[in-house]
Amino acid sequence: MTPRAAGTGTDADDLYVEEALALVQDAPVPPSVPGAPASPAPTGGRPDRRRATPWREARAIAARAARGGTRRAPVSVPLQAALGLTLAAPLTALTDLPSFDTSAMDGWVVAGPGPWAVRDKGVLAGHATPAPLTDGEAARIATGARVPADTTAVLRTEHGRTEAGRLHALRDVVPGQDIRPRGQECRSGDQLLPAGTAVTPAVLGLAAAAGYDTLTVAPRPRAEILVLGDELLTEGLPHGGLIRDALGPMLPSWLRALGAEVIAVRRLGDDAEALHRAVTDSGADVLLTTGGTAAGPVDHVHPTLGRIGAELLVDGVQVRPGHPMLLARIQDGQHLVGLPGNPLAAVSALLTLAEPLLRGLAARPAPEPSGRPLREAVQGHPHDTRLVPVVLRGGGPVPLRYNGPAMLRGIAAADALAVVPPGGARAGQEAELLALPWATGAIGGCFT
Ligand SMILES: Nc1nc2c(c(=O)[nH]1)N[C@H]1C(S)=C(S)[C@@H](COP(=O)(O)OP(=O)(O)OC[C@H]3O[C@@H](n4cnc5c(N)ncnc54)[C@H](O)[C@@H]3O)O[C@H]1N2
Ligand code: MOO
């Protein structure tokens, strides 16, 4: 738990501005003048602005951290288990596609010019090689069936008429029509998709068609969540100063959507020894702590990192909410992301630090930045980036009102988070949007 800053230092003022905005802002206030003078540097508390990393740089550091250390080796998994992962090797066709000359339509295979004598035995999909046709002969054929040798063309059912055992064409027959030749889509050995492709349902279908039973993928990085705070309840109504843990239920599926395998969610209270043990014993690639990042009497994250000699890569970020977030390298191939306890601040840290780190570890491609013109002006922080929950109305982002650091009401209704630069943004100004995994109809993402 962190006592509220009581003094008049910059952080306390900023917090006030942030929360006041969230509470009173019905229609957003016009943005403040970009480049407005910054408040004086803070004197107490942690993190302070002198150390805090600019928001974009923090994301770049997290992405680089993923590339820096030893990564887990690619694994071979059954097709269905590969959904949502990334190909670690190119997908190379194991067969020609189609693997034999195939009828594209239900009708007749015909040889030479008509009319044709119709063979008694038709050709169905899934059957062995039919006998070759002789000139002047036709046979019934189903879509997907093997075309017999010496076939001139396929005549669609609706384009032919049989009379006294002979087939007559109702229109001209072009040689090769409605035949899918072997290898039309690919030849065995052709590269269908490069390494680094995200495995989508369509990729699973293609892989199966091309002969795969398993895929070689980058494994999900293992994540462990350590929920800190003595004040947290796991069920029932808040009472006696205790509140419900909002992050334990929220983070696992969100982390999975970001590519992680969540191996444990552990509730440690405000116990420095328990935190130390949990961090030193963990086999996770990424540890995520919630709470305890600031300067309160029971904020144990910094002291624990100091005690184990972890390297702080990011110690505070110039972003609201969530500025006390941190990223540390515990050892080669193991990192810790400190999410602030305020729930929307934790979301901000999740998307600022955990997302690029996990993306890199899961070898996922970076999404194309998505920007849309804001439908309303958004108030800025004087010197920090703001991440503001928005809904998309007619394609344009509209800021949501309940966006205070301790609130989830805005983000729960949101389609995305808008990145608002220091000083704010005008109506019509393009704002970068960060995807939320459930907003599939909006700007992409899913819970695979
Ligand atoms: N002196 C200073 N005080 C604070 C600063 C600062 O810079 N100097 N920063 C403020 C900001 S901004 C944030 S954000 C918070 C971050 O605090 P912590 O990461 O140390 O988190 P806690 O103090 O443990 O909790 C903060 C708040 O969030 C509630 N909380 C914690 N965990 C959960 C959870 N799992 N589910 C729901 N709510 C949770 C907790 O009860 C507190 O109300 O620090 C400010 N203070
Ligand atoms: O303002 Mo803090 O950054 O509540 O997240």
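Quick notes on the rules
Residues numbered from 1 in each chain as written. Chains lettered and ligands numbered in written order. Predicted model: local features only at pLDDT ≥ 70, side-chain atom pairs only at ≥ 80, totals over all residues. Heavy atoms only, no water. Salt bridge = Lys/Arg side-chain N within 4 Å of Asp/Glu carboxyl O. Helix = DSSP H or I, 4+ residues; strand = E, 2+ residues; numbered from the N terminus. Buried < 20%, exposed > 50% of the residue type's maximum accessible area, 1.4 Å probe, protein only. Near = heavy atom within 4 Å. Polar contact = N/O pair within 3.5 Å; in protein donor to acceptor, adjacent residues only side chain to side chain. Nonpolar A, V, L, I, M, F, W, Y, C, P; charged D, E, K, R; others polar. Contact = heavy atoms within 4.5 Å. Axes fitted to C-alpha atoms, helices over the stretch in contact; angles between N-to-C directions. Parallel < 35°, antiparallel > 145°, perpendicular 65-115°, else oblique. Left-handed = near helix turned anticlockwise from the far one by under 90°. Pairing = 2+ DSSP bridges. Core = buried A, V, L, I, M, F, W, Y, C linked by side-chain atoms within 4.5 Å. Domains from an automatic or database assignment. UniProt positions renumbered as here; feature names shortened; annotations may be inferred. Phe/Tyr/Trp six-rings, centres within 6.5 Å; stacked < 30°, edge-to-face > 60°. Lys NZ or Arg CZ within 6 Å of the ring centre and 35° of its normal. Bend = angle between axes of the 7 residues up to and from the residue.

## Observations regarding the pattern of salt bridges
As enumerated under the stated definition, the model contains 16 salt bridges in all. In this structure, Arg59 and Glu355 form a salt bridge, with 2.8 Å as the shortest nitrogen-oxygen distance. You can see Arg59 sitting in helix α2 (residues 55-68) and its partner Glu355 sitting in helix α7 (residues 343-361), a full 296 residues away along the chain. Residue classification places Arg59 among the buried residues on the basis of a relative accessible area of 16%. Across the pair Glu163 and Arg161 runs a salt bridge, and its minimum N-O distance is 2.4 Å. You can call Glu163 partly exposed: its relative accessible area is 45%. Through salt bridges with shared partners, a single ionic network connects Arg59, Glu355 and Arg359.

## Thoughts on the site of ligand 2
Surrounding ligand 2, one finds 8 residues, the nearest of these being Gly322, His323, Asn342, Ala345 and Pro405. Within the backbone of His323, a nitrogen or oxygen atom sits 3.0 Å from an oxygen atom of ligand 2. Classifying every residue of the shell around ligand 2 gives 5 nonpolar, 3 polar and no charged.

## Overview of the environment of Ala362
Tracing the sequence through the fold places Ala362 in the loop between α7 and β24 (370-373). The buried category is assigned to Ala362, whose relative accessible area is 5%. Measuring from C-alpha to C-alpha, the distance between Ala362 and Pro219 comes to 6.5 Å, with 143 residues separating the pair along the chain. Apart from residues no more than four positions distant in its own chain, Ala362 is found in contact with Thr86, Ala218, Pro219, Pro221 and Gly259.

## Examining the packing of helix α4 (residues 247-257) against α7
Between α4 and α7, the shortest axis-to-axis distance is 12 Å and the interhelical angle comes to 25 degrees. Considering their axes alone, α4 and α7 lie roughly parallel with respect to each other. Between α4 and α7 lies a crossing of right-handed hand. Judged by residue contacts, Leu247, Met250, Leu251, Trp254 and Leu255 of α4 engage Pro343, Ala346, Val347, Leu350, Leu351 and Leu358 from α7. Broken down by class, the residue content of the contact of α4 with α7 amounts to 11 nonpolar, no polar and no charged.

## What to know about the sheet that holds strand β11 (residues 166-169)
Taken in spatial order, the 6 strands line up as β9-β6-β8-β7-β11-β10 in an open sheet, and their pairing is mixed. Edge strands, defined here as strands with exactly one partner in the open sheet, are β9 (153-156) and β10 (160-163). Along the sheet, successive strands turn relative to each other by an average axial angle of 35 degrees, direction set aside. As paired strands, β10 and β11 are joined by 4 bridges and run antiparallel to one another. Note on β11: the bridge partner recorded for Glu163 is Arg166.

## Comments concerning the nonpolar core
Grouped together as the largest cluster of nonpolar side chains are 46 residues, with contacts concentrated most on Trp254, Leu288, Leu327, Val337 and Leu357. In terms of residue count, α7 provides more of this core than any other element does, 11 residues in total. Residue assignment places this core across two domains, with domain 1 (12-24 + 33-72 + 220-361) and domain 4 (371-447) each supplying three or more. Ignoring any residue separated from it by four or fewer positions in sequence, one finds Leu288 in contact with Ala223, Glu224, Ile225, Leu226, Leu255, Val337, Leu339, Leu350 and Ala354. Within the second largest apolar cluster, 18 residues are counted, among which are Leu85, Ala93, Cys186 and Leu215.

## Looking at the UniProt feature "domain: MoaB/Mog" (unreviewed entry) in the protein chain
Within this structure's numbering, the places UniProt gives as "domain: MoaB/Mog" (unreviewed entry) are residues 224-360. Between the end C-alpha atoms of residues 224-360 there is a gap of 17 Å, over a span that is 34% helix and 32% strand.

## Considerations on the domain arrangement of the protein chain
Split into domains, the protein chain comes out as domain 1 (12-24 + 33-72 + 220-361), domain 2 (75-91 + 193-218), domain 3 (102-180) and domain 4 (371-447). Put simply, the middle of domain 2 and the middle of domain 4, counted by C-alpha atoms, are 33 Å apart.

## Things to note about the packing of aromatic side chains
By the definition in use, this model includes 1 aromatic pair. Lying across the ring of Trp108, Arg140 places its NZ or CZ 4.6 Å from the centre. In this structure, Arg409 packs its charged tip against the face of Tyr402, placed 3.8 Å from the ring centre.

## Section: α7
The principal kink in α7, of about 40 degrees, is found at Ala354, preceding the proline Pro356 by one to four residues. Burial analysis of α7 places 19 of its 19 residues in the buried class, which makes it a mostly covered element. Positive backbone phi, at 60 degrees, marks Ala363, one or two positions downstream of α7.

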